[in-house]
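One letter stands for each residue in the lines below.
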Amino acid sequence: DVKVTQSSRYLVKRTGEKVFLECVQDMDHENMFWYRQDPGLGLRLIYFSYDVKMKEKGDIPEGYSVSREKKERFSLILESASTNQTSMYLCASSGGGSKNIQYFGAGTRLSVL
Amino acid sequence: AQRVTQPEKLLSVFKGAPVELKCNYSYSGSPELFWYVQYSRQRLQLLLRHISRESIKGFTADLNKGETSFHLKKPFAQEEDSAMYYCALSSASKIIFGSGTRLSIRP
(Lines give C-alpha, C1' and ligand atoms only; values in the text may rest on other atoms or scores of the structure.)
Protein backbone atom coordinates (compact mmCIF):
# COMPACT_ATOMS: atom_id res chain seq x y z
CA ASP A 1 0.00 0.00 0.00
CA VAL A 2 1.31 3.40 -0.96
CA LYS A 3 1.88 5.68 1.96
CA VAL A 4 2.13 9.44 1.58
CA THR A 5 2.73 11.16 4.88
CA GLN A 6 2.41 14.84 5.57
CA SER A 7 4.23 15.96 8.67
CA SER A 8 1.48 18.11 10.19
CA ARG A 9 -2.30 17.77 10.16
CA TYR A 10 -2.89 21.31 11.42
CA LEU A 11 -0.65 24.37 11.49
CA VAL A 12 -1.25 27.89 12.72
CA LYS A 13 1.25 30.54 11.69
CA ARG A 14 1.49 34.31 11.74
CA THR A 15 1.70 36.61 8.74
CA GLY A 16 5.28 36.96 7.56
CA GLU A 17 6.52 33.70 9.05
CA LYS A 18 8.44 31.19 6.95
CA VAL A 19 6.49 27.94 6.79
CA PHE A 20 7.67 24.46 5.82
CA LEU A 21 5.25 21.71 4.85
CA GLU A 22 6.86 18.30 4.56
CA CYS A 23 5.77 15.27 2.57
CA VAL A 24 7.29 11.80 2.46
CA GLN A 25 6.31 8.85 0.28
CA ASP A 26 7.47 5.27 0.66
CA MET A 27 6.87 3.83 -2.82
CA ASP A 28 9.95 5.10 -4.64
CA HIS A 29 7.74 7.27 -6.85
CA GLU A 30 9.45 9.61 -9.26
CA ASN A 31 6.70 12.24 -9.29
CA MET A 32 5.54 14.36 -6.39
CA PHE A 33 3.02 17.19 -6.28
CA TRP A 34 1.75 19.94 -4.02
CA TYR A 35 -1.84 21.19 -4.31
CA ARG A 36 -4.02 23.52 -2.38
CA GLN A 37 -7.66 22.62 -1.92
CA ASP A 38 -10.21 25.40 -1.51
CA PRO A 39 -14.03 25.14 -1.53
CA GLY A 40 -15.46 25.81 -4.97
CA LEU A 41 -12.02 25.88 -6.57
CA GLY A 42 -11.11 22.21 -6.39
CA LEU A 43 -7.45 21.23 -6.35
CA ARG A 44 -4.97 23.67 -7.79
CA LEU A 45 -1.42 22.58 -8.56
CA ILE A 46 1.27 24.67 -6.89
CA TYR A 47 4.49 22.85 -7.82
CA PHE A 48 5.54 19.40 -8.92
CA SER A 49 8.73 17.42 -9.30
CA TYR A 50 9.67 14.61 -11.68
CA ASP A 51 12.97 13.78 -10.04
CA VAL A 52 15.39 14.68 -7.29
CA LYS A 53 16.47 18.33 -7.35
CA MET A 54 14.02 18.99 -10.14
CA LYS A 55 10.94 21.22 -9.87
CA GLU A 56 8.30 22.65 -12.15
CA LYS A 57 5.79 25.42 -11.53
CA GLY A 58 2.17 24.49 -11.48
CA ASP A 59 -0.81 26.77 -11.92
CA ILE A 60 -0.40 28.92 -8.79
CA PRO A 61 3.30 29.01 -7.77
CA GLU A 62 3.37 32.62 -6.59
CA GLY A 63 4.36 32.93 -2.96
CA TYR A 64 5.61 29.34 -2.77
CA SER A 65 8.82 27.43 -3.39
CA VAL A 66 9.73 23.74 -3.11
CA SER A 67 12.67 21.52 -2.36
CA ARG A 68 13.35 17.95 -3.37
CA GLU A 69 16.75 16.86 -2.06
CA LYS A 70 15.78 13.19 -1.73
CA LYS A 71 13.49 11.10 -3.87
CA GLU A 72 11.07 10.32 -1.07
CA ARG A 73 10.71 13.86 0.32
CA PHE A 74 9.09 16.94 -1.21
CA SER A 75 8.87 20.12 0.82
CA LEU A 76 6.63 23.12 0.22
CA ILE A 77 7.92 26.45 1.52
CA LEU A 78 5.99 29.62 2.14
CA GLU A 79 8.75 32.25 2.31
CA SER A 80 6.55 34.85 3.98
CA ALA A 81 3.12 33.52 4.87
CA SER A 82 0.10 35.65 4.09
CA THR A 83 -3.54 35.32 5.12
CA ASN A 84 -4.59 34.37 1.58
CA GLN A 85 -2.45 31.25 1.93
CA THR A 86 -4.80 29.89 4.57
CA SER A 87 -5.92 26.63 2.96
CA MET A 88 -5.76 22.84 2.95
CA TYR A 89 -2.52 21.64 1.36
CA LEU A 90 -2.35 18.20 -0.23
CA CYS A 91 0.74 16.31 -1.25
CA ALA A 92 0.59 13.51 -3.81
CA SER A 93 2.95 11.10 -5.51
CA SER A 94 2.83 8.93 -8.61
CA GLY A 95 5.15 6.64 -10.49
CA GLY A 96 6.03 3.10 -11.44
CA GLY A 97 3.65 1.24 -13.70
CA SER A 98 0.71 3.49 -12.85
CA LYS A 99 2.34 6.88 -13.26
CA ASN A 100 -0.98 8.56 -14.00
CA ILE A 101 -2.57 7.54 -10.70
CA GLN A 102 -1.83 9.91 -7.84
CA TYR A 103 -1.74 8.89 -4.19
CA PHE A 104 -2.52 11.58 -1.66
CA GLY A 105 -1.50 12.46 1.84
CA ALA A 106 -4.02 13.27 4.54
CA GLY A 107 -3.51 17.00 4.08
CA THR A 108 -2.24 19.89 6.18
CA ARG A 109 -4.72 22.55 7.16
CA LEU A 110 -2.76 25.78 7.42
CA SER A 111 -4.17 28.88 9.06
CA VAL A 112 -2.25 32.13 8.68
CA LEU A 113 -3.31 34.78 11.17
CA ALA B 1 -6.74 24.73 -23.15
CA GLN B 2 -7.10 21.59 -21.10
CA ARG B 3 -9.92 21.87 -18.65
CA VAL B 4 -12.27 19.77 -16.54
CA THR B 5 -15.69 21.16 -15.72
CA GLN B 6 -18.03 19.89 -13.03
CA PRO B 7 -21.13 22.07 -13.30
CA GLU B 8 -22.71 21.07 -9.98
CA LYS B 9 -21.13 22.15 -6.69
CA LEU B 10 -23.70 20.22 -4.69
CA LEU B 11 -25.94 17.31 -5.57
CA SER B 12 -28.47 16.03 -3.08
CA VAL B 13 -30.46 12.85 -3.72
CA PHE B 14 -32.51 10.44 -1.67
CA LYS B 15 -31.19 7.04 -0.68
CA GLY B 16 -32.09 4.51 -3.34
CA ALA B 17 -32.40 7.12 -6.11
CA PRO B 18 -30.12 7.14 -9.15
CA VAL B 19 -27.06 9.38 -9.08
CA GLU B 20 -25.29 11.12 -11.94
CA LEU B 21 -22.37 13.46 -11.36
CA LYS B 22 -21.55 15.40 -14.48
CA CYS B 23 -18.08 15.98 -15.88
CA ASN B 24 -17.05 17.59 -19.15
CA TYR B 25 -13.54 18.06 -20.40
CA SER B 26 -11.57 19.82 -23.09
CA TYR B 27 -8.39 18.16 -24.29
CA SER B 28 -6.61 17.81 -27.60
CA GLY B 29 -5.64 14.19 -28.03
CA SER B 30 -6.69 10.99 -26.30
CA PRO B 31 -7.51 11.78 -22.70
CA GLU B 32 -7.15 9.54 -19.70
CA LEU B 33 -9.93 10.34 -17.25
CA PHE B 34 -10.48 9.57 -13.58
CA TRP B 35 -12.88 10.05 -10.74
CA TYR B 36 -11.38 10.71 -7.31
CA VAL B 37 -13.40 10.68 -4.08
CA GLN B 38 -12.86 12.17 -0.65
CA TYR B 39 -15.02 10.81 2.18
CA SER B 40 -15.39 12.79 5.37
CA ARG B 41 -12.11 12.85 7.33
CA GLN B 42 -10.36 10.61 4.80
CA ARG B 43 -7.74 11.34 2.21
CA LEU B 44 -8.49 11.88 -1.45
CA GLN B 45 -8.34 8.58 -3.32
CA LEU B 46 -8.89 7.17 -6.76
CA LEU B 47 -12.41 5.83 -7.34
CA LEU B 48 -12.12 4.70 -10.94
CA ARG B 49 -10.39 5.36 -14.26
CA HIS B 50 -11.94 5.10 -17.68
CA ILE B 51 -9.43 2.64 -19.10
CA SER B 52 -10.31 0.09 -16.42
CA ARG B 53 -13.95 -0.03 -17.50
CA GLU B 54 -14.92 -1.45 -14.14
CA SER B 55 -17.59 -0.75 -11.58
CA ILE B 56 -16.33 0.38 -8.18
CA LYS B 57 -18.74 0.55 -5.23
CA GLY B 58 -21.55 0.37 -7.79
CA PHE B 59 -20.28 3.43 -9.70
CA THR B 60 -19.53 3.43 -13.41
CA ALA B 61 -18.35 6.12 -15.79
CA ASP B 62 -18.30 6.02 -19.57
CA LEU B 63 -16.06 8.18 -21.68
CA ASN B 64 -18.08 9.87 -24.41
CA LYS B 65 -15.60 11.46 -26.80
CA GLY B 66 -18.32 12.98 -28.96
CA GLU B 67 -19.79 14.89 -26.04
CA THR B 68 -16.40 15.18 -24.25
CA SER B 69 -18.02 13.89 -21.10
CA PHE B 70 -17.18 11.40 -18.36
CA HIS B 71 -20.24 11.35 -16.11
CA LEU B 72 -20.23 9.21 -12.96
CA LYS B 73 -23.33 7.12 -12.39
CA LYS B 74 -24.83 4.82 -9.81
CA PRO B 75 -28.30 3.30 -10.12
CA PHE B 76 -29.16 3.27 -6.40
CA ALA B 77 -27.52 5.74 -4.02
CA GLN B 78 -26.44 4.66 -0.54
CA GLU B 79 -25.81 6.88 2.46
CA GLU B 80 -22.13 5.94 2.49
CA ASP B 81 -21.77 7.51 -0.97
CA SER B 82 -21.92 10.96 0.59
CA ALA B 83 -18.56 12.53 -0.24
CA MET B 84 -16.72 15.04 -2.39
CA TYR B 85 -16.14 13.80 -5.93
CA TYR B 86 -13.54 15.18 -8.34
CA CYS B 87 -13.32 14.45 -12.03
CA ALA B 88 -9.75 14.56 -13.34
CA LEU B 89 -7.81 14.37 -16.57
CA SER B 90 -4.23 13.19 -17.02
CA SER B 91 -1.89 15.36 -19.04
CA ALA B 92 1.86 14.59 -19.26
CA SER B 93 2.03 13.00 -15.79
CA LYS B 94 0.09 15.91 -14.28
CA ILE B 95 -3.53 15.67 -13.27
CA ILE B 96 -6.02 18.44 -13.98
CA PHE B 97 -8.87 18.40 -11.49
CA GLY B 98 -12.35 19.78 -11.74
CA SER B 99 -13.75 21.97 -8.99
CA GLY B 100 -15.56 19.06 -7.38
CA THR B 101 -19.15 18.07 -6.60
CA ARG B 102 -20.33 17.40 -3.09
CA LEU B 103 -22.77 14.49 -3.11
CA SER B 104 -25.19 14.34 -0.23
CA ILE B 105 -27.43 11.30 0.19
CA ARG B 106 -30.58 11.93 2.18
CA PRO B 107 -32.05 9.03 4.19
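Right above here is the structure, for reference.
Attention in this report is confined to the structure presented alongside it. (Residues numbered from 1 in each chain as written. Chains lettered and ligands numbered in written order. Predicted model: local features only at pLDDT ≥ 70, side-chain atom pairs only at ≥ 80, totals over all residues. Heavy atoms only, no water.)

Quick look at unusual backbone geometry now. Positive phi, normally seen in glycine, also occurs at A:Asp28, with a value near 60°. Tracing the backbone through its elements, the reader meets A:Asp28 in the loop between β3 (19-25) and β4 (31-38). The backbone of B:Thr68 sits at a positive phi, close to 45°, despite the residue not being glycine. Here B:Thr68 is to be found in the loop between β7 (60-61) and β8 (72-74). (Helix = DSSP H or I, 4+ residues; strand = E, 2+ residues; numbered from the N terminus.)

With that settled, the discussion passes to the packing of aromatic side chains. Going through the model one piece at a time under the given rule, you end up with twelve aromatic pairs over all chains. Site record: aromatic cluster; members linked through ring pairs are A:Phe33, A:Tyr35, A:Phe48, A:Tyr50, A:Phe104, B:Phe34, B:Tyr36, B:Tyr86 and B:Phe97. Between the NZ or CZ atom of A:Arg9 and the centre of the ring of A:Tyr10, over which it lies, the distance is 5.9 Å. Sitting over the ring of B:Phe14, B:Arg106 keeps its end group 4.2 Å from the ring centre. (Phe/Tyr/Trp six-rings, centres within 6.5 Å; stacked < 30°, edge-to-face > 60°. Lys NZ or Arg CZ within 6 Å of the ring centre and 35° of its normal.)

A word on the sheet that holds strand β8 (residues 73-78) of chain A. All names here are of chain A. Across the sheet, four strands lie side by side as β1-β3-β8-β7; this open sheet has antiparallel pairing. With partners counted over all chains shown, the strands left at the sheet margins are β1 (4-6) and β7 (65-70), one partner each. On average, each strand axis in the sheet is inclined to that of its neighbour by 20°, with strand direction left out of account. In terms of strand pairing, β3 meets β8 through six bridges, oriented antiparallel. Its bridge partner lying in β8, Val19 is registered against Leu78. (Pairing = 2+ DSSP bridges. Axes fitted to C-alpha atoms, helices over the stretch in contact; angles between N-to-C directions.)

Taken as a whole, this structure holds two disulfides over all chains when the rule is applied. Paired through a disulfide, A:Cys23 and A:Cys91 show a sulfur-sulfur distance of 1.9 Å. Sign of the S-S torsion, about -80° for the bond between A:Cys23 and A:Cys91, identifies this disulfide as left-handed. Of the two residues, A:Cys23 is situated in strand β3 and A:Cys91 in strand β9 (residues 87-95); the sequence distance between them amounts to 68 residues. The class for A:Cys23 is buried, based on a relative accessible area of 0%. The side chain of B:Cys23 participates in a disulfide bridge whose partner is B:Cys87; the two sulfur atoms lie 2.0 Å from each other. (Disulfide = S-S within 2.5 Å. Buried < 20%, exposed > 50% of the residue type's maximum accessible area, 1.4 Å probe, protein only.)

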